[in-house]
Amino acid sequence: MGRLNGKVAIITGAARGTGEAIARRFIAEGAAVVLGDVLDELGRAAAHSMGSAADYVHLDVTRESDWASAVTRAEKHFGRLDILINNAAILHLAPIARTTLEDWNRVVEVNQTGPFLGIRAAIAPMRRAGGGSIVNIASLDGLEGLNGFSAYSATKWALRGLTRCAALELGRYSIRVNTVCPAGGSAEMSAPFRPPGVDPVAYVADRAIPRRATLEEIAAMTLFLSSDESSFCTGCDYVVDGGHTAGTLLSAIPSE
């Protein structure tokens, strides 16, 4: 316990799912957390349930004014900003031929422009705090392709590139920037887009660990990268995928 004692974090998309799990883990480790989301009722309830170390702010990651308000809230309410977790994202699942420009731009605005605005907003307060850690939550889909995921996957690949550029620019200010790429995440985000009859677990059956990552496992990696334990880690991808990217198990060949 206490791996984040005295640190203050902003976490986007924190009203539910992965963001909420990260917020709860951070508070358990001694951090104060500003939960940001557009789901105000859920967000306020989540923050209330976490006690005085949590605060909620309406944060549309595509709006510069909302980012300014979130940073001001963190510094006024908790005194500083040490950690930014860019977790908010949306999904569009359709073939390229059926993805409209409006669909594409909507996903890019949230998943790609949102983290850019967040990183930019965090630079000054983190410099005032003497440094910090920015963790961008990408995806396994930012490491490989998957049919029907063109818009989402493209933004997660782009997020990995943004991470590297930001790490190079901000390292001199003791601000580290890394990416977590999980094979899993919030079921609430994917459920509305999942075609009928599609088993979200089936595609991992031939992988080393045949399941998806839990929210707690994603939160654990995010905690490590946000803590001083990762003080020399920057500009890298940290994959939480149960060996998915290691390769495929051939079922015809016995394992023993």
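Look up: the structure comes first, before these words.
Now for a quick tour of the structure. Everything numeric here is computed off the predicted structure, so don't read it as measured data. Within every chain, residues take consecutive numbers counted from 1 along the sequence as written. Residues qualify for local features only when their pLDDT is at least 70, as the model is predicted, and side-chain atom pairs are given and counted only at 80 or more; totals for whole chains, interfaces and linings, by contrast, use all residues. Computation of side-chain values covers all heavy atoms of the structure but excludes hydrogens and water.

### Details of the overall build of the protein chain
Right, on to step 1. Secondary structure follows DSSP: runs of H or I at least 4 residues long count as helices, runs of E at least 2 residues long count as strands, and numbering of each begins at the N terminus. Regarding its fold elements, the protein chain presents seven helices and seven strands.
Right, on to step 2. Listing each helix as α and each strand as β along the protein chain from the N terminus yields β-α-β-α-β-α-β-α-β-α-β-α-α-β.
Right, on to step 3. Its C-alpha radius of gyration of 18 Å places the protein chain within 12% of the 18 Å reference for a compact globule of 256 residues.
Right, on to step 4. Taking the principal axes of the C-alpha coordinates as reference, the protein chain spans close to 60 × 45 × 35 Å.
Right, on to step 5. The proportion of buried residues among the 256 residues of the protein chain is 47%.
Right, on to step 6. The contact criterion used throughout is that any non-hydrogen atoms of two residues lie within 4.5 Å. Relative to all contacts within the protein chain whose residues are 6 or more apart in sequence, the contacts with residues 24 or more apart total 69%.
Right, on to step 7. Counting only carbon and sulfur atoms, one obtains 56% of the accessible surface of the protein chain, whose full area is about 12100 Å².
Right, on to step 8. Only four residue types enter the charge count: Lys and Arg as positive, Asp and Glu as negative, with His and the chain ends excluded. Lys charges are placed at NZ, Arg charges at CZ, Asp charges at CG and Glu charges at CD. Charged side chains in the protein chain number 24 positive and 27 negative. The centres of these two groups are separated by 5 Å. With C-alpha atoms as the basis for the radius of gyration, the globule rule is written as 2.2 Å multiplied by the number of residues raised to the power 0.38. Type-normalised accessible area, obtained with a 1.4 Å probe on protein chains alone, sets the label of each residue: buried when under 20%, exposed when over 50%, and partly exposed for intermediate values. Here the Shrake-Rupley method, with its probe set to 1.4 Å, supplies the accessible areas, and only the displayed protein chains count as covering residues.

### Examining the state of the cysteines
Right, on to step 1. Here, two cysteine sulfur atoms that lie within 2.5 Å of each other are counted as a disulfide. Applying the stated rule across the entire model yields zero disulfides.
Right, on to step 2. Left without a disulfide partner, C165 is nearest to the cysteine sulfur of C236, which lies 14 Å away.
Right, on to step 3. Judged by relative accessible area, C165 falls into the partly exposed class, the value being 45%.
Right, on to step 4. C236 carries a free sulfur, and the closest cysteine sulfur to it, the one in C233, is 7.1 Å from it.
Right, on to step 5. By relative accessible area, C236 is classed as partly exposed at 33%.

### With respect to the pattern of salt bridges
Right, on to step 1. What makes a salt bridge here is a side-chain nitrogen of Lys or Arg within 4 Å of a carboxyl oxygen of Asp or Glu, nothing more. Counted according to the given criterion, the structure contains 13 salt bridges.
Right, on to step 2. In this structure, R120 engages E64 in a salt bridge whose closest nitrogen and oxygen atoms are separated by 2.3 Å. With a gap of 56 residues between them, R120 in helix α4 (residues 101-129) and E64 in helix α3 (residues 64-78) connect regions that are remote in the sequence.
Right, on to step 3. By relative accessible area, which is 52% here, E64 ends up exposed.

### Quick word on the layout of surface pockets
Right, on to step 1. A volume near 210 Å³ is recorded for the second largest pocket.
Right, on to step 2. The wall of the second largest pocket is formed by 17 residues, among which G132, S174, R176, D228 and S231 lie closest to the centre.
Right, on to step 3. Listing elements by their share of the lining of the second largest pocket, those giving two or more residues are β5 (132-137) and β6 (175-182).
Right, on to step 4. Each residue is assigned to one class: nonpolar for Ala, Val, Leu, Ile, Met, Phe, Trp, Tyr, Cys and Pro, charged for Asp, Glu, Lys and Arg, and polar for all the others, Gly among them. A class-by-class count of the residues in the lining of the second largest pocket yields four nonpolar, nine polar and four charged. Only protein atoms enter the 1 Å grid used here, on which a cavity is any set of points holding a 1.4 Å probe that cannot leave and a pocket is any open set flanked by protein within 12 Å on both sides along at least five of seven lines; residues with an atom within 4 Å of a point are listed as lining. Grid points are joined across faces, edges and corners, and a volume is the space filled by probe spheres set on the points.

### A short note on helix α5 (residues 150-170)
Since the α-helix advances by 3.6 residues per turn, residues separated by three or four positions end up pointing in the same direction.
Right, on to step 1. Each helix should span, by expectation, one fewer than its residue count multiplied by 1.5 Å. With 21 residues, α5 should reach 30 Å at 1.5 Å per residue; the first-to-last C-alpha distance of 30 Å fits that figure.
Right, on to step 2. Within α5, the full set of buried residues consists of A151, Y152, S153, T155, K156, L159, R160, T163, A166, A167 and L170.

### Observations regarding the sheet that holds strand β3 (residues 54-58)
Right, on to step 1. With parallel pairing, seven strands are arranged side by side in an open sheet as β3-β2-β1-β4-β5-β6-β7. Only two strands of the sheet have a single neighbouring strand rather than two, namely β3 and β7 (237-240). Taken pair by pair, the neighbouring strands of this sheet meet at an average axis angle of 20 degrees, ignoring direction.
Right, on to step 2. Helix α2 (residues 40-50) contacts β2 (32-37) and β3 of the sheet and is inclined by roughly 170 degrees relative to β3. In short, DSSP must find at least two bridges between two strands for them to pair. A fitted line through C-alpha atoms serves as each axis, taken over the contacting stretch for helices, and the angle formed by two N-to-C directions is quoted from 0 to 180°.

### Side note on unusual backbone geometry
Glycine aside, the phi torsion of most residues is negative, and most peptide linkages are trans.
Right, on to step 1. The backbone of S174 sits at a positive phi, close to 60 degrees, despite the residue not being glycine.
Right, on to step 2. Structurally, the position occupied by S174 is in the loop between α5 and β6.

### A word on the pairing of β3
Right, on to step 1. The buried count for β3 comes to four of five residues, which makes it a mostly enclosed element.
Right, on to step 2. Sheet analysis places β2 next to β3, joined by five bridges and oriented parallel. Each residue of the ladder has a partner; that of V34, found in β3, is D55.
Right, on to step 3. Here the term right-handed applies to a crossover when the path leading from its first strand over the helix to its second strand runs clockwise, the strands being oriented away from the viewer. The parallel pair β2 and β3, bridged by α2, forms a crossover whose chirality is right-handed.

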